[in-house]
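# Close look at the chain arrangement
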Amino acid sequence: MNEQQRKEMSQIRQGNPADVKSDQDNLERLKKKNSDDFVKYFQTTYETPNLNKARKRGKQDVKYHEDFTIPEELQNIGKGKKYLIRTYGCQMNEHDTEVMAGILTDLGFESTSDANDADIILLNTCAIRENAENKVFGELGHLKPLKQNRPDLILGVCGCMSQEESVVNKILEKHQHVDLIFGTHNIHRLPQLIQEAIFGKEMVVEVWSKEGDVIENLPKARNGKTKAWVNIMYGCDKFCTYCIVPMTRGKERSRRPEDIIQEIRHLAAQGYKEVTLLGQNVNAYGKDLQDLEYGLGDLMDEIRKIDIPRVRFTTSHPRDFDDRLIEVLAKGGNLMPYIHLPVQSGSSEVLKRMNRKYTRESYLELVRKIKEAIPHAALTTDIIVGFPNETEEQFEETMTLYEEVGFEGAYTFIYSPREGTPAAKKEDNVPMDVKKKRLYRLNERVNKYSREALKKYQDKIVDVLVEGESKNNPDVLAGYTPESKLVNFEGPKSAIGQIVKVKITNTKSWTLDGEMIEEAVEVK
Ligand code: 5AD
Ligand code: SF4
């Protein structure tokens, strides 16, 4: 590959939606010329996630695009064809899947849950821990015979893993049955990418390392009619030393409040009963909106007035959780008394090495303020055990913090080194069996506290937003209380999608059993 070609490819990698057309032409030309060079290019010059570079990105301007449309010539490209999207990882990915499903629907595709029946299969991947990545590579292996039997099947990999150099290289080398790789900043380009994958002969790779824009008006095929995800911001600038997200999702950028409010009003008008505001670090909402002095508290204060019964938000970062937000949440109403507040560790020393920017003491002070203002709020958290060189004493501090806060639930993880993150470069003197034992001990505590928190509900009457039949028993309905406790109860199918009153008859470790006492007529 000569210098000129390299330069052109570099433009493609760093692409900008405005330059898409010329990038496409370049890509076509280069691929036709020499596909080996194309593959080699990614192997030699694709940049690894680079923390120092990423940290300097704050100054770049975010571009807002309100003009997403599907070109007329592509509008029937999926007619008579079916798609399947497998989603791994967080709510952000689940919502991205809804957007991709929306785009595919607009292209004429229909959905299927049967891989044998699908003309296009997309794996929307997660990079947060190694086991999430291993699952995807396993799935690519399983899908190989299907692709060999049906060469016209389009197999695509998207989501966070596609943003990693090592993953793209591995797919280029070992999984050449993949037709399409695209990144988290390229979702709106799906129509053109699919067109290329269908009509081209080479693997289509489009991953922009740029920090991402905000694209409005993307179609969404939402999963269900009761609860909806609403993105309020994208990306993360916190740079916790263990975390790959700031590299895979780009810099923090907020949607405009008026766009968010309009989307929620629209969902309310369609009959949705609950929205969850989404972002990797929702408490940083608004910081990048230079023309506005506006934060998550202000946004929630407006959303509170919308006629939708339940509003939630995730995920919070303790550092940015401010008094204004606490004050607004305390107003209650449709703002649900449930706060997921990842602490990660109870040791100030470990928190420092994680670059979390708060201490055990300041976290406890925040919890005190929240409990004072919203005494009935349920608090849950995320915890990483076995961070490099975590001592027994430091782990004990996590155990005691858990008790002090009295969390009602937690997602617990063994630290997983992610290539390109600062923590992954550290030597680690904690053996895996020690980490596993710590996780086990922590989980015992998590279970105990969950069980105790649920006991408080015995014989109480709670409001349950009914989501559908229970996973294990179609005769039983399942839904959530305002504090996000799962309730199973017998009731008529007509209750699905409604908020109903349920009396709790039995409490377990993770769920509640109850009986419906009254079907809600009015849900607000
Ligand atoms: N190893 C283990 N857990 C991690 N998390 C994020 N990165 C890692 C990692 N490298 C956990 C954090 C975060 C949750 C979504 O995943 O607890 O809050
Ligand atoms: Fe990752 Fe969350 Fe830290 Fe951002 S705030 S770097 S998403 S753990």
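Residues numbered from 1 in each chain as written. Chains lettered and ligands numbered in written order. Predicted model: local features only at pLDDT ≥ 70, side-chain atom pairs only at ≥ 80, totals over all residues. Heavy atoms only, no water.

As annotated in an unreviewed UniProt entry, the protein chain is tRNA-2-methylthio-N(6)-dimethylallyladenosine synthase from Salinibacillus kushneri. The UniProt entry for the protein chain carries this comment under Catalytic activity (unreviewed entry): "N(6)-dimethylallyladenosine(37) in tRNA + (sulfur carrier)-SH + AH2 + 2 S-adenosyl-L-methionine = 2-methylsulfanyl-N(6)-dimethylallyladenosine(37) in tRNA + (sulfur carrier)-H + 5'-deoxyadenosine + L-methionine + A + S-adenosyl-L-homocysteine + 2 H(+)". (UniProt positions renumbered as here; feature names shortened; annotations may be inferred.)

### Focus: the nonpolar core
One broad trend across soluble globular proteins is that nonpolar side chains are buried collectively. Counting residues in each nonpolar core, the largest one holds 69 residues, and the members touching the most others are L277, L299, M300, F313 and F321. Beyond its immediate chain neighbours, meaning those up to four positions away, M300 contacts L277, V311, F313, L325, V328, L329 and L335. Counting 29 residues, the second largest nonpolar core, distinct from the first, contains A115, C126, L143 and V157. (Core = buried A, V, L, I, M, F, W, Y, C linked by side-chain atoms within 4.5 Å. Buried < 20%, exposed > 50% of the residue type's maximum accessible area, 1.4 Å probe, protein only. Contact = heavy atoms within 4.5 Å.)

### Focus: the side chain of T241
Following the sequence through the fold, T241 ends up in the loop between β10 (233-234) and α9 (245-248). Residue classification places T241 among the buried positions, given a relative accessible area of 11%. A distance of 2.7 Å separates a polar atom in the side chain of T241 from the backbone oxygen of R353. Setting aside its immediate chain neighbours within four residues, T241 contacts R353, M354, N355, F387, T421, P422 and A423. (Helix = DSSP H or I, 4+ residues; strand = E, 2+ residues; numbered from the N terminus. Polar contact = N/O pair within 3.5 Å; in protein donor to acceptor, adjacent residues only side chain to side chain.)

### Looking at the pairing of strand β16 (residues 409-414)
Regular strands show a simple pattern: their side chains alternate between the two faces of the sheet. Note: strand β15 (residues 378-385) against β16, six bridges, orientation parallel. Paired with I384 across the strands is F413, a residue of β16. (Pairing = 2+ DSSP bridges.)

### With respect to the site of ligand 1
In the vicinity of ligand 1, the contacting residues are I128, R129, Y242, Q344, D382, I384, F413, I414, Y415, S416 and R418. Between Q344 and ligand 1, the recorded distance is 2.7 Å, taken from a side-chain N or O atom to an oxygen atom. At 2.7 Å, a side-chain N or O of D382 approaches an oxygen atom of ligand 1. Protein contacts shield 87% of the accessible area of ligand 1, which totals 400 Å² for the unbound molecule. Counting only elements with at least two residues in the shell around ligand 1, the list comes to β15 and β16. (Near = heavy atom within 4 Å. Areas by Shrake-Rupley, 256 points an atom, 1.4 Å probe, with all protein chains shown as cover.)

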